[in-house]
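Read off the chains here:
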Amino acid sequence: DAGITQSPRYKITETGRQVTLMCHQTWSHSYMFWYRQDLGHGLRLIYYSAAADITDKGEVPDGYVVSRSKTENFPLTLESATRSQTSVYFCASSEFRDSNQPQHFGDGTRLSIL
Amino acid sequence: TQLLEQSPQFLSIQEGENLTVYCNSSSVFSSLQWYRQEPGEGPVLLVTVVTGGEVKKLKRLTFQFGDARKDSSLHITAAQTGDTGLYLCAGAGSGGGADGLTFGKGTHLIIQP
């Protein structure tokens, strides 16, 4: 089925560990985004990508790394996880034929750092 | 940094009542999008408003974009239990959202039977 899928849906890890969250979309959308959602903060942009091999920082990029070698995939890596990175992470994609297009979200990854 | 203040943060009303959710900013946005999010799922787009003063209706939901494109409102008429959920407003900057959206903190809406 066409759509955007995130994996894993749930992850528990320890501080200092490296963890990678996967995001895959089947629409061939140019733009992809990573957000984190926390109580009291809402959704905040971590990184975004306009196309393969083009990525840029969002509002809260520290401690995260992204790559985009293929249009359909946009993995997010926490190089050395900290407790403050416990959150729900959402990946989104959008096709910008013109501006103000909607973003299509995955169902999120709930990440707990112990 | 653009900020969106969304209010109220929590709202619990009886079925059949009307309600309004507000989204305000000191910044101008090229568009305002409203999303609805269910537990365990990602946000899903309800509507996009682009032009200052624009009003859009989606059944019992009415969305308005302020004349100066700094604020927006969502009005629900005769709320139903199926309207329960988290409502999010999100603003697109001068890039039209290509560099991401700025989200409000959300309104948790509970409609009681």
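Summarised in this report is the structure supplied together with it.

Reading the values: rules and limits
- Residues numbered from 1 in each chain as written.
- Chains lettered and ligands numbered in written order.
- Predicted model: local features only at pLDDT ≥ 70, side-chain atom pairs only at ≥ 80, totals over all residues.
- Heavy atoms only, no water.
- Helix = DSSP H or I, 4+ residues; strand = E, 2+ residues; numbered from the N terminus.
- Rg over C-alpha atoms; globule rule 2.2 N^0.38 Å.
- Buried < 20%, exposed > 50% of the residue type's maximum accessible area, 1.4 Å probe, protein only.
- Contact = heavy atoms within 4.5 Å.
- Areas by Shrake-Rupley, 256 points an atom, 1.4 Å probe, with all protein chains shown as cover.
- Phe/Tyr/Trp six-rings, centres within 6.5 Å; stacked < 30°, edge-to-face > 60°.
- Pairing = 2+ DSSP bridges.
- Core = buried A, V, L, I, M, F, W, Y, C linked by side-chain atoms within 4.5 Å.
- Salt bridge = Lys/Arg side-chain N within 4 Å of Asp/Glu carboxyl O.
- Polar contact = N/O pair within 3.5 Å; in protein donor to acceptor, adjacent residues only side chain to side chain.
- Buried area = accessible area lost by both parts, 1.4 Å probe.
- Nonpolar A, V, L, I, M, F, W, Y, C, P; charged D, E, K, R; others polar.

### Section: the overall build of chain B
Point 1. A count of helical and extended segments in chain B gives zero helices and eleven strands.
Point 2. On C-alpha atoms alone, chain B measures out to a radius of gyration of 13 Å, which is about the 13 Å that the 2.2 N^0.38 rule sets for 113 residues.
Point 3. When its C-alpha atoms are laid out on the principal axes, chain B stretches across 40 × 30 × 20 Å.
Point 4. Across the 113 residues in chain B, those meeting the buried criterion constitute 48%.
Point 5. Long-range contacts, defined here as pairs at least 24 residues apart, represent 55% of the contacts in chain B between residues at least 6 apart.
Point 6. In the structure as shown, chain B presents an accessible area of about 5,200 Å², 50% of it carried by carbon and sulfur atoms.

### Observations regarding the packing of aromatic side chains
Residue and element names in this part refer to chain A.
Point 1. Evaluated as defined, the whole model comprises nine aromatic pairs over all chains.
Point 2. Their ring planes at 65 degrees and their centres at 5.9 Å tell us that Y64 and Y89 sit as a pair that is edge-to-face. One end of the pair, Y64, is in strand β7 (residues 64-66); the other, Y89, is in strand β9 (residues 87-94), and 25 residues separate them in sequence. Each member of the pair Y64 and Y89 is classed as buried.

### What to know about the pairing of strand β7 (residues 61-65) of chain B
Residue and element names in this part refer to chain B.
Point 1. Along β7, the buried face is formed by L61, F63 and F65; none of T62 and Q64, which line the opposite face, is buried.
Point 2. In this structure, strand β6 (residues 55-58) lies alongside β7, joined through four bridges in antiparallel fashion. Among the inter-strand pairings, L58 is bridged to a residue of β7, identified as L61.
Point 3. Linking two consecutive strands that pair antiparallel, namely β6 and β7, is a turn of two residues; a positive phi of about 55 degrees is found at K59 within it.
Point 4. The pairing of β7 with strand β8 (residues 71-76) spans five bridges and is antiparallel. If you follow F65 over to β8, its bridge partner there is S72.
Point 5. The turn joining β7 and β8, which pair antiparallel and follow one another in sequence, is formed by five residues; a positive phi near 60 degrees is taken by R69.

### Concerning the nonpolar core
Residues and elements named next belong to chain B.
Point 1. By size, the foremost hydrophobic cluster in this structure holds 20 residues, and its most contacted members are L19, L32, W34, F63, L74 and I76.
Point 2. At the level of secondary structure, the elements contributing two or more residues to this core comprise β3 (19-24), β4 (31-37), β5 (44-49), β7, β8, β9 (85-92) and β11 (107-112).
Point 3. Setting aside residues no more than four positions away along its own chain, F63 makes contact with W34, L46, V47, V49, E54, V55, K56, L58, S73 and L74.

### Concerning the pattern of salt bridges
When the charged atoms of two side chains with opposite charge come close together, those side chains can pair.
Residue and element names in this part refer to chain A.
Point 1. Evaluation of the coordinates by the stated rule reveals six salt bridges over all chains.
Point 2. In this structure, the salt-bridge partner of E14 is R17, at a minimum N-O distance of 3.6 Å.
Point 3. The salt bridge involving R36 is made with D38; its shortest N-O contact spans 2.8 Å. For the residue pair R36 and D38, the accessibility class agrees, reading buried in each case.
Point 4. One salt-bridge network, held together by shared partners, links R36, D38 and R44.

### Here we look at the side chain of E54(B)
Residue and element names in this part refer to chain B.
Point 1. Structurally, E54 can be placed in the loop between β5 and β6.
Point 2. Within polar-contact distance, the side chain of E54 engages the backbone nitrogen of T51 at 2.9 Å.
Point 3. What E54 contacts, discounting residues up to four positions off in sequence, is T48, V49, F63, Q64 and F65.

### Focus: the interface of chain B and chain A
Point 1. At the interface, 24 residues of chain B touch 21 residues of chain A.
Point 2. For the pair chain B and chain A, the summed buried surface comes to about 1,700 Å²; carbon and sulfur atoms form 55% of the total.
Point 3. On the chain B side of the contact with chain A, A98(B), F103(B) and K105(B) bury the most area, a combined 26% of that side's loss.
Point 4. In this structure, the connection of chain B to chain A is made through zero salt bridges.
Point 5. Applying the counting criterion to the chain B and chain A interface returns seven residue pairs in polar contact (both at pLDDT 80 or more).
Point 6. Among the secondary structure elements, those contributing two or more residues to the side of chain B that touches chain A are β4, β5, β9 and β10 (101-103) of chain B.
Point 7. Broken down by element, the residue count for the side of chain B that touches chain A peaks at four residues, all from β4(B).
Point 8. Classifying every residue of the side of chain B that touches chain A gives ten nonpolar, eleven polar and three charged.

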